[in-house]
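The chain contents come next:
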2 protein chains.
Amino acid sequence: MEETFQLRWGILVNCPTIDVIYIATPHSHHFQNAMLALEAGKHVLCEKNFTVNAGQAKKLSTVAEKKQRFLMEGLWTRFLPVSVEVRQFLQAGAIGTVTRVFADNGLGMDPYSDFLPGDLMVVKELAGGALLDLGVYSIHWVLQAMPKTNRRPIQILSTTTEYAVSGVDETTTILMRFAPSTADGPEIQATASASLRAITDPDGETAAVRIQGDQGETQIYGWPWCPSRLRVIRRGPGMNNRGTINRQDRPSTRRSIWTLLRGGRSCTLHLPRSSRESRDALAREHDSNGDHGYSAAGE
Amino acid sequence: MEETFQLRWGILVNCPTIDVIYIATPHSHHFQNAMLALEAGKHVLCEKNFTVNAGQAKKLSTVAEKKQRFLMEGLWTRFLPVSVEVRQFLQAGAIGTVTRVFADNGLGMDPYSDFLPGDLMVVKELAGGALLDLGVYSIHWVLQAMPKTNRRPIQILSTTTEYAVSGVDETTTILMRFAPSTADGPEIQATASASLRAITDPDGETAAVRIQGDQGETQIYGWPWCPSRLRVIRRGPGMNNRGTINRQDRPSTRRSIWTLLRGGRSCTLHLPRSSRESRDALAREHDSNGDHGYSAAGE
């Protein structure tokens, strides 16, 4: 589409030459915008965080089904090659039975000086805050670490710290418990955390995500929405011995982690540059979205 | 004391030449043993975990006060030089205002093969399980990361995974929230976890404890009850930039972290050998305790 729509949403969603609408408005407006598009018969790809609560997501899903239209949250992390590969090797039991997961996404901003008044990251009316903007990635890493059949927690507990200026959450930690993934396996505990203020990785050497299994551990480094490095640590012989890691720094990106693991080795894989390029593209896209005004989104 | 007491507790606690009794029985018996000793007018040093619930601790404390006797939990971690130093530099604001803490203590055992039936680590009647044996260290790291005046959580949430064979907890995660430590500071969130099955550090390169401040972070490596290495990472200029770390591997143990920090540098400190020796001594002590029979403790 070369046309631009700076007019009314109604014109956009009813345009007969448009098949799919990608929604990149603030979280507060996803439900309203997606519903408008679905009701007009468009397919919808909606930015994360999908909706501000589960009820809204269910309503959208019902309409999409009725209208026979495609509806999906645009959580690109799920489709990164690293995510696909991690899911594959977890499912194949490369680190044994998953027992525990820690996933964090903290920006390390100063809420009192790094955000201008009205910044959508901290405006309550625009559903700003750590959970909806950053937490979705932590939660997603937890969920994709779970076996396919077992991604609904049997217990969820959480605590939030309020950003005093606007009342959004500046730090949120969620504790989850999942049913065992095998008949005689243990229940799985997971912690998904997000923070505007605290920083996940202060020095590039601290894992953002840790997926622990009884035969080893996977550690994901860099921003959880677009990791830069992955470590797979195999536990040594004897359950309570520490494993060893054979570093395989910067292998050819054609040699996948999976191939390395089949050889029975621990490895560190620096992820291909294309991921970083995609991340930069995403950042640019967000910037340009910022330019042409969220004020129109409230219609 | 060169005498040995293989007879009845009553003879021990009433022996006029004994001033202090150190209790190293299973957790299930601490309350009963400590109460007996206090009521007989002895000072008491009691192994961690102090008692199995807060009510028991309060009762012991009341009796100790009435009898004017010394009563303390023998949590040696609090007195390790590394703990003293960490408390000092946190209080002096070396990493700014503390915002978040993660502390884990996981052994990486297989509960189905690494413990013999009757092992006190997994016997419910002896108050076995991850929380009381391992969790106390994680909780202690969280508490000593908090400002002196502010060590009582305003919220506590927790989840446990049961060890199917005996019903003790094999993995426990506790989520805590603390009031701000400064007038305009943020609330502090902390996660203290413990596991018989999952392992804290599979390769010697993963921090057991992370204390995050708005100016930097402290990472503690090795077993949390006796750390082997400490990293202090200073955040770089600009809140949302990653800090850099200047490694100071194996500095003279006479040059303290504190001195390095006063110089404005990030550092890695390998802790003195004496700590490891103490840890080995503790392990030996625990082994020999195991030899002369917990069965007597049930009297």
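Note that the structure is a prediction, hence the values are computed from the model and not measured. (Residues numbered from 1 in each chain as written. Chains lettered and ligands numbered in written order. Predicted model: local features only at pLDDT ≥ 70, side-chain atom pairs only at ≥ 80, totals over all residues. Heavy atoms only, no water.)

1. Structural notes on the overall build of chain A
Point 1. Per the secondary structure count, chain A includes seven helices and eleven strands.
Point 2. The 299 residues of chain A split such that 55% are buried.
Point 3. Relative to all contacts within chain A whose residues are 6 or more apart in sequence, the contacts with residues 24 or more apart total 62%.
Point 4. Within the structure as shown, chain A displays about 13,600 Å² of accessible surface, and the carbon and sulfur contribution to it stands at 52%. (Helix = DSSP H or I, 4+ residues; strand = E, 2+ residues; numbered from the N terminus. Buried < 20%, exposed > 50% of the residue type's maximum accessible area, 1.4 Å probe, protein only. Contact = heavy atoms within 4.5 Å. Areas by Shrake-Rupley, 256 points an atom, 1.4 Å probe, with all protein chains shown as cover.)

2. With respect to empty space enclosed by the protein
Point 1. Per the stated rule, a full pass over the model turns up two cavities of 30 Å³ or more.
Point 2. Lining the largest cavity are 27 residues, with Phe 102 and Arg 210 of chain A together with Phe 102, Ala 207 and Arg 210 of chain B positioned closest to its centre.
Point 3. Listed by contribution, the elements that provide at least two residues to the lining of the largest cavity are strand S4 (98-106), strand S7 (188-195), strand S8 (209-213) and strand S9 (216-221) of chain A together with strand S4 (98-106), strand S7 (188-195), strand S8 (209-213) and strand S9 (216-221) of chain B.
Point 4. One number sums up the size of the second largest cavity: a volume of about 40 Å³.
Point 5. Forming the walls of the second largest cavity are Thr 99, Gln 212, Gly 213, Gly 216, Glu 217 and Arg 235 of chain A together with Ala 198, Ile 199 and Pro 202 of chain B.
Point 6. Mapped by element, the contributors of at least two residues to the lining of the second largest cavity are S8 and S9 of chain A.
Point 7. Taken together, the residues of the lining of the second largest cavity break down into three nonpolar, four polar and two charged. (1 Å grid on protein atoms, 1.4 Å probe; cavity = no way out; pocket = protein on both sides within 12 Å on 5 of 7 lines; lining within 4 Å. Points joined across faces, edges and corners; volume = space filled by probe spheres on them. Nonpolar A, V, L, I, M, F, W, Y, C, P; charged D, E, K, R; others polar.)

3. Re the sheet that holds strand S2 (residues 43-47) of chain B
All names here are of chain B.
Point 1. Strands sit in the order S1-S2-S3 across an open sheet of three strands; the sheet is parallel. Looking along the sheet, the strands with just one partner apiece sit at the ends: strand S1 (20-23) and strand S3 (71-74). Across this sheet, the average inter-strand angle for adjacent strands is 20°, counted without regard to direction.
Point 2. Two elements, S2 and S3, share four bridges in a ladder whose sense is parallel. Each bridged residue has a counterpart across the sheet, and for Val 44 the counterpart in S3 is Leu 71. (Pairing = 2+ DSSP bridges. Axes fitted to C-alpha atoms, helices over the stretch in contact; angles between N-to-C directions.)

4. Some remarks on the UniProt feature "domain: GFO/IDH/MocA-like oxidoreductase" (unreviewed entry) in chain A
Point 1. The sites that UniProt annotates as "domain: GFO/IDH/MocA-like oxidoreductase" (unreviewed entry) are residues 85-216 of chain A.
Point 2. Secondary structure across residues 85-216 of chain A comprises 17% helix and 31% strand; the distance between its end C-alpha atoms is 16 Å. (UniProt positions renumbered as here; feature names shortened; annotations may be inferred.)

5. Some words on the layout of surface pockets
All names here are of chain B.
Point 1. Estimated volume of the largest pocket: approximately 1,200 Å³.
Point 2. Contributing to the lining of the largest pocket are 31 residues, with Asn 49, Ala 54, Glu 73, Ile 139 and Leu 143 lying nearest its centre.
Point 3. At the level of secondary structure, the elements contributing two or more residues to the lining of the largest pocket comprise helix H3 (54-67), S3, helix H5 (130-145), strand S5 (155-162) and strand S6 (169-178).
Point 4. Per-element tally for the lining of the largest pocket: the top contributor is H5, with eight residues.
Point 5. Looking at side-chain class alone, the lining of the largest pocket contains 16 nonpolar, ten polar and five charged residues.

6. Some points on the packing of aromatic side chains
How two aromatic rings sit relative to each other is given by the distance of their centres and the angle of their planes.
Point 1. Counted by the stated rule, this structure contains four aromatic pairs over all chains.
Point 2. When the centroid spacing of 5.8 Å and the interplanar angle of 50° are considered together, the rings of Tyr 137 of chain A and Trp 225 of chain A count as tilted. Of this pair, Tyr 137 of chain A sits in helix H5 (residues 130-145) while Trp 225 of chain A sits in the loop between S9 and strand S10 (229-234), placing them 88 residues apart in sequence. Here Tyr 137 of chain A matches Trp 225 of chain A in class, with each residue buried.
Point 3. Geometrically, the ring pair formed by Trp 223 of chain A and Trp 225 of chain A is stacked, given 5.1 Å between the ring centres and 5° between the ring planes. Trp 225 of chain A carries the same exposure label as Trp 223 of chain A, and that label is buried.
Point 4. Put simply, the rings of Tyr 137, Trp 223 and Trp 225 of chain A touch in pairs and so form one group of aromatic residues.
Point 5. Note that Arg 229 of chain B overlies the ring of Tyr 221 of chain B, its terminal NZ or CZ placed 4.1 Å from the centroid. (Phe/Tyr/Trp six-rings, centres within 6.5 Å; stacked < 30°, edge-to-face > 60°. Lys NZ or Arg CZ within 6 Å of the ring centre and 35° of its normal.)

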